[in-house]
Amino acid sequence: MNILEIDWDNKKVRSDFQEWEIVSNNANKFLLCQRQENGRWRAAEADVKMMHIWEVKEITYQAPEGEKFFFDEESGIIKL
């Protein structure tokens, strides 16, 4: 999906079809995002330079301070 707009102040990303909440920001280069749909959480990773966001089932994202994240469809993204 293409990123149409990033609202850094409100931690929101708007793509072609969805609005996502930014969970983690890696130097404004990569983003970890989530949204809730029909009681289930969805996760996405975004490449800011390419202006592209893709939905993922597993998190492969590591934040700048080394934080790691776990994704569960019932509870969303959890920082470990």
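The written sequence of each chain sets the order in which its residues are numbered from 1. Residues qualify for local features only when their pLDDT is at least 70, as the model is predicted, and side-chain atom pairs are given and counted only at 80 or more; totals for whole chains, interfaces and linings, by contrast, use all residues. Processing note: side-chain calculations cover all non-hydrogen atoms of the structure and skip hydrogens and water entirely.

Once that is clear, we can look at the nonpolar core. Put simply, a nonpolar core is a bunch of buried Ala, Val, Leu, Ile, Met, Phe, Trp, Tyr and Cys residues held in one set by side-chain atoms that sit within 4.5 Å of each other. Only protein chains enter the calculation, and the probe is 1.4 Å; a residue is then buried if its accessible area is under 20% of its type maximum, exposed if over 50%, and partly exposed in between. In this structure, Ile3, Ile6, Val13, Trp20, Ile22, Leu31, Cys33, Ala44, Ala46, Val48 and Ile53 together form the largest nonpolar core, which totals eleven residues. Secondary structure elements with two or more residues in this core: strand S1 (3–7), strand S3 (19–26), strand S4 (30–37) and strand S5 (40–47). If near-sequence neighbours (up to four positions away) are discounted, Ile3 is found in contact with Val13, Arg14, Ser15, Ala46, Asp47, Met51, His52 and Ile53. Membership of the second largest hydrophobic core comes to ten residues, among which are Tyr61, Ala63, Phe71 and Ile77. Under the scheme used here, helices are H or I runs from DSSP no shorter than 4 residues and strands are E runs no shorter than 2 residues, and both carry numbers assigned from the N terminus. It only takes one pair of heavy atoms within 4.5 Å for two residues to be counted as in contact.

Once that is clear, we can look at the packing of aromatic side chains. What counts as a ring pair is set by centres within 6.5 Å for rings of Phe, Tyr and Trp (its six-membered ring), and what kind of pair is set by the plane angle: stacked under 30 degrees, edge-to-face over 60, tilted for all other angles. Counted under the stated rule, the structure contains zero aromatic pairs. Definition used: whenever NZ (Lys) or CZ (Arg) falls within 6 Å of the ring centre and also within 35 degrees of the ring normal, the charge is taken to sit over that ring. Here Arg35 stacks its cationic end above the ring of Trp20, 4.7 Å away from the centre of that ring.

Our focus in this paragraph is the environment of Ile22. The topology assignment puts Ile22 in strand S3. The buried category is assigned to Ile22, whose relative accessible area is 7%. When the C-alpha positions of Ile22 and Gly76 are compared, they lie 12 Å apart, and in sequence the two are 54 residues distant. In this structure Ile22 touches Ile6, Lys11, Lys12, Val13, Leu31, Leu32 and Cys33, once residues within four positions along its chain are discounted.

Before going further, it helps to examine the sheet that holds strand S6 (residues 52–56). The strand order S1-S2-S3-S4-S5-S6 describes an open sheet built from six strands, whose pairing is antiparallel. The strands lining the two open edges of the sheet, one partner per strand, are S1 and S6. Averaged over all neighbouring strand pairs, the angle between strand axes comes to 30°, with direction disregarded. Any two strands with at least two DSSP-identified bridges between them are counted as paired. Relative to S5, S4 runs antiparallel, the two being bridged by eight bridges. Axis angles are defined between N-to-C directions and span 0 to 180 degrees, where every axis is a line fitted to C-alpha atoms and, for a helix, only to the segment in contact.

Turning next to a nonpolar patch on the surface. On the surface, Phe70, Ile78 and Leu80 cluster together into a nonpolar patch covering about 310 Å² of accessible area. Position of Phe70 among the secondary structure elements: in strand S7 (residues 69–72). For Phe70, a relative accessible area of 44% corresponds to the partly exposed category. Patch building starts from residues that exceed 30% relative accessible area and form no salt bridge, then joins like charges within 9 Å and nonpolar side chains (Val, Leu, Ile, Met, Phe, Trp, Tyr) within 5 Å. To be clear on the numbers: accessible area is Shrake-Rupley with a 1.4 Å probe, and residue cover counts the displayed protein chains and nothing else. Salt bridges are defined by distance alone: a side-chain nitrogen of Lys or Arg within 4 Å of a carboxyl oxygen of Asp or Glu.

Right, let's talk about the side chain of Gln34 for a bit. Tracing the sequence through the fold places Gln34 in strand S4. By relative accessible area, Gln34 is classed as buried at 9%. Of the polar contacts made by the side chain of Gln34, one reaches the backbone nitrogen of Ile77; its length is 2.8 Å. Filtering out sequence-adjacent residues up to four positions away, Gln34 remains in contact with Trp20, Glu21, Val23, Trp41, Arg42, Ala43, Gly76 and Ile77. Think of a polar contact as two N or O atoms within 3.5 Å of one another; within protein, one of them needs to be a possible hydrogen donor and the other a possible acceptor, and neighboring residues in sequence only count if both atoms come from side chains.

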